[in-house]
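The primary structure of each chain is shown beneath.
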Amino acid sequence: FSPDWVEGPTAIRIGEWTYVYYDRYRDASWGAVRSRDLKHWEDVTSLISFPPRARHGTVVYVPASTLERIHA
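Residues numbered from 1 in each chain as written. Predicted model: local features only at pLDDT ≥ 70, side-chain atom pairs only at ≥ 80, totals over all residues. Heavy atoms only, no water.

Our focus in this paragraph is the confidence of the model for the protein chain. Summarising the model, the protein chain shows a mean pLDDT of 90, and 100% of its residues fall at 70 or more. Per-element mean pLDDT across the protein chain ranges from 91 in strand β1 (residues 7-14) up to 96 in strand β4 (residues 42-43). (pLDDT = per-residue confidence, 0-100. Helix = DSSP H or I, 4+ residues; strand = E, 2+ residues; numbered from the N terminus.)

So, in structure tokens, the structure goes:
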């Protein structure tokens, strides 16, 4: 499911996909996989990005209006 030496996995459902991303702490990087059926997983590491030095992670819903105020 994931390579060795990962921690802090987080799952999120987006549309028909379930994504799981995780901290590859020994490599100081992130990894991610996705699945439609929770049986067959596809590596989608190339589709994600996180701020430098970010570790572990949790998905938090933020309303668009809040994001607009932050960006302003």
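Next comes the rest of the account.
Turning our eyes to something else, we now look at the environment of Thr18. Turning to its location among the elements, Thr18 is positioned in strand β2 (residues 17-24). Separated by 52 residues in the primary sequence, Thr18 and Ile70 have C-alpha atoms spaced 28 Å apart. Ignoring any residue separated from it by four or fewer positions in sequence, one finds Thr18 in contact with Ile12, Arg13, Val33, Arg34, Ser35, Leu38 and Trp41. A polar atom in the side chain of Thr18 sits 2.8 Å from the side chain of Arg13. (Contact = heavy atoms within 4.5 Å. Polar contact = N/O pair within 3.5 Å; in protein donor to acceptor, adjacent residues only side chain to side chain.)

This paragraph deals with the pairing of strand β3 (residues 29-35). Summarising burial for β3: seven of the seven residues are buried, a large majority. Alternating residues of β3 divide into Ser29, Gly31, Val33 and Ser35 and Trp30, Ala32 and Arg34, and every residue in both groups is buried. In textbook terms, the turn of a hairpin is the stretch between consecutive antiparallel strands, and for β2 and β3 this stretch comprises four residues, one of which, Ala28, has a positive phi near 50°. Here β3 pairs with β4 via two bridges, running antiparallel. Note on β4: the bridge partner recorded for Arg34 is Glu42. (Buried < 20%, exposed > 50% of the residue type's maximum accessible area, 1.4 Å probe, protein only. Pairing = 2+ DSSP bridges.)

Burial analysis of β2 places seven of its eight residues in the buried class, which makes it a mostly covered element. Sheet topology places β1 next to β2; six bridges connect them, and they run antiparallel. Bridge pairing in β2 places Glu7 opposite Asp23. With seven bridges connecting them, β2 and β3 associate as antiparallel partners. Note on β3: the bridge partner recorded for Tyr19 is Arg34.

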